[in-house]
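The lines below spell out each chain.
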Amino acid sequence: MIASLLVRKIEKRPDKVRLRGRVLFLTEDPELIKRQLAGEDLPWDTKNPASNPKLRDDISTDEITPAHYCFYFDETLGEIPYLGLKCGEVLPIGRSEVKKGGFVCAVSGKRRGKGSSREQSPYAEMCAGIHLVIAENIERIYKQNCQNLGLLTSTNFSLIDKVRAGEEIPLSEFTTGEDEITRQVIEYGGLFPFNVARMQKKVSLPPIKTKKRPMTLAEKIFARHMLSPNVGAGVPARAAERSSAVSGAQGEAVQPGDTGFARADLRFSHEYVTPMAAIFFERYVGKDAKVNDPSSILFFRDHLTFLDEVISEEKKKLGLLDLATQLKLKQQDFAAKQGIKLHGELKDRKGSEGICHSIVLESYALPGQLNIGSDSHTPHVGAIGCVAFGIGTTDVFNSWITKDVRVKVPESVKIVIRGKKHPNVAAKDFILKILSLDYVRSGKALAKVMEYAGEAIEELSVDERATMTNMAAEIGGFTGIVAPDQKAVDFLVERRGMDRKQAESMIEGLYSDPDAQYSHTIELDAAEITPMVATPGDPGNGKYVRELNTPVPVELAYGGTCTAGKNEDMDMYAAVLADALKKGKRVADSVKFYIQFGSQETRDYCIRKGYLDVFQKAGAHVIEPSCGACINAGPGVTTRPEQVVISAQNRNFPGRSGPGQMYLASPLTVAASAVAGYIVEYEPSTERELAETRR
């Protein structure tokens, strides 16, 4: 594999670029977008931005490439960019319209590329002719995916005039301010050509010169995993580890801004990403090439196992269900060929072995590790004290060659939740509160590590901590992490059967130094946080349930996904429904309540606890593991715009789970609302009885 790449011709792109074509402004006004697609070029005053039409903020990757169209993993994606873009209540862009419009540049507002790590989004834009993306600020994974593919990005709106004039733009315009490695990735036109140049020793990797200093937990883990610059890309895993242990800055210290390549302990991908990565690998490396250390790679079939139950007839006619089947088959074939462990579909009933994040936490991740996965919710396993983050397709296939990943050590934000939480409040309420803060909504937390601490966090179980770290993705953070403690040890002993002394040795030294530096600290009082919801459109639209001015009737309630399909989530659904049954109540006739396990281990847990009987008697519908409704691919999706659903999942971006109105909430609030028929706080019986006694 390495031999063939060592002789491949690799050159840098020219030091000046000229973009010939039109500029597409993604405005809030759908009519302005339609006019551009019809051939009109909007006037745009780059010197007086206040006079311009309002640009769409918070454009998610779900809107750039809706989930169903990600079944394509070739240039066909060029027909679909922005098909899910919602402006008001309108979807102004149709299939192939961007490609036919001759656009080379797309412009939007704040937080472009929120949400999923799907690289299909920038790849679709590239295939449609877009070569430059301009926005006020850009989400980390989306930006890195753009760089990896060779798509240029900028926050400099003055470039609009240069593009329109057909002027040459120095490549330095896109590399200035970037770290040394990112600069070279951009100069070589993408991560793969850069890595080939790295193998050929044509690029220079900056040594890490940071002296010993107080570090955060995440910085300590990065310091252990950063490879010395003289360790070549694609060096066999054991040799790389030996080399990194005796040279360079490894094991000493890092600080925010340090760049390099970090050795990955675990690399995983699911069927949305594996096929595209496999095709890249076979195309650019070779059909008979072997991945580096297959024992540390995992594949999952967890996203599309229930797709056939909800996909529309229109989409079936487009052949999308057949394409989804091809994703599964391509992943199976590549796994078998490479000797990679695949957690696949069940043999005796419909469903999967489990969602990737659930299984990685239950069975694989260890404190102090560095893990990478093809999903933005990879930080899930930060709950036991490892650095885990989402990557795109190009990063995935490059990691199969090199067993490492490009890293710029991020700044850390410390989120301290003090005090004791209310009995009807869960970790989901904490994270929805954090998401509603101006610091997060304005994009100031982008690409930073979210380190959760404080008495209220320490009281949370590992399952509940995983909700916090998982939804660092919605914050736009690099990752989320909690310092591992006795609860993490108990988790490893009870859930993994690990020897206690071994587990305790793993967490030694895994804490932030008392005088470690943080870019920002957020302090909250758990006693001031009551049950919350995020109103439709964005997870950041958080408000307290008691602030809803009028009752909000719901037709659907959904409990599941990686965020809310864990053992303790099932404890919460069961507690609410058991409480209702004692009162002679059950799920309201007007509501369908779906409960979906995150893994077979969680299903077995529910059987042992007798929860299936409780769920059935209360009128809830139980579903085998899969990502399901969260990605518009399983029971629980909406089918009408006016339909209201309350969900324990992590995202409610427009169109992500159907056309309806989605409110996000905790498992307790979701279950209580399913029983009431409208959004309501859960009131535990003991609390209610105490209140009545006091009267």
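Residues numbered from 1 in each chain as written. Predicted model: local features only at pLDDT ≥ 70, side-chain atom pairs only at ≥ 80, totals over all residues. Heavy atoms only, no water.

## A short note on the overall build of the protein
- Broken down by element type, the protein carries 30 helices and 24 strands.
- On C-alpha atoms alone, the protein measures out to a radius of gyration of 24 Å, which is about the 26 Å that the 2.2 N^0.38 rule sets for 695 residues.
- Structurally, the protein occupies a C-alpha span of about 75 × 65 × 50 Å along its principal axes.
- By the burial criterion, 63% of the 695 residues in the protein qualify as buried.
- Expressed as a percentage of contacts within the protein between residues at least 6 apart in sequence, the contacts between residues at least 24 apart total 77%.
- For the protein, the exposed area adds up to about 25400 Å²; of that, 49% sits on carbon and sulfur atoms.
- Computed over 90 positive and 91 negative side-chain charges, the inter-centroid distance for the protein is 3 Å. (Helix = DSSP H or I, 4+ residues; strand = E, 2+ residues; numbered from the N terminus. Rg over C-alpha atoms; globule rule 2.2 N^0.38 Å. Buried < 20%, exposed > 50% of the residue type's maximum accessible area, 1.4 Å probe, protein only. Contact = heavy atoms within 4.5 Å. Areas by Shrake-Rupley, 256 points an atom, 1.4 Å probe, with all protein chains shown as cover. Lys, Arg positive; Asp, Glu negative; His and termini not counted. Charge placed at Lys NZ, Arg CZ, Asp CG, Glu CD.)

## Details of the confidence of the model for the protein
- Confidence in the prediction for the protein averages 93 pLDDT; 95% of positions are at 70 or higher.
- This stretch, residues 236-250, has a pLDDT under 50; its non-local contacts, to residues over four places away or in other chains, come to 24 contacts.
- Predicted confidence is poor over residues 689-695, with pLDDT under 50, and the contacts of this stretch with residues over four places away or in other chains come to 0 contacts. (pLDDT = per-residue confidence, 0-100.)

## Examining the side chain of N470
- Relative to the helices and strands, N470 resides in helix 21 (residues 462-470).
- By relative accessible area, which is 0% here, N470 ends up buried.
- If sequence neighbours within four positions are ignored, N470 has contacts with H377, P379, H380, C562, T563 and N650.

## Considering the sheet that holds strand 4 (residues 132-134)
- Read from one edge of the open sheet, 4 strands run 2-3-4-5, paired in parallel fashion. The open sheet has two edge strands, strand 2 (22-25) and strand 5 (152-154), and neither has a second partner. Strand-to-strand, the axes of this sheet are offset by a mean angle of 20°, without reference to chain direction.
- Bridge count between strand 3 (residues 103-107) and strand 4: 3 bridges; the pairing is parallel. Pairing of C105 across the sheet is with L132, part of strand 4. (Pairing = 2+ DSSP bridges. Axes fitted to C-alpha atoms, helices over the stretch in contact; angles between N-to-C directions.)

## Digging into the environment of F430
- Looking at the element boundaries, F430 is found in helix 18 (residues 427-435).
- C-alpha of F430 to C-alpha of T394: the two residues are 36 residues apart in sequence and 34 Å apart in space.

## Quick word on the nonpolar core
- Grouped together as the largest cluster of nonpolar side chains are 81 residues, with contacts concentrated most on F222, F389 and W400.
- Element by element, the count of residues in this core is highest for helix 10 (residues 191-199), at 6 residues.
- Setting aside anything within four residues of it in sequence, one finds F389 in contact with R140, F222, L370, N371, I372, G373, T378, P379, V405, V407 and F478. (Core = buried A, V, L, I, M, F, W, Y, C linked by side-chain atoms within 4.5 Å.)

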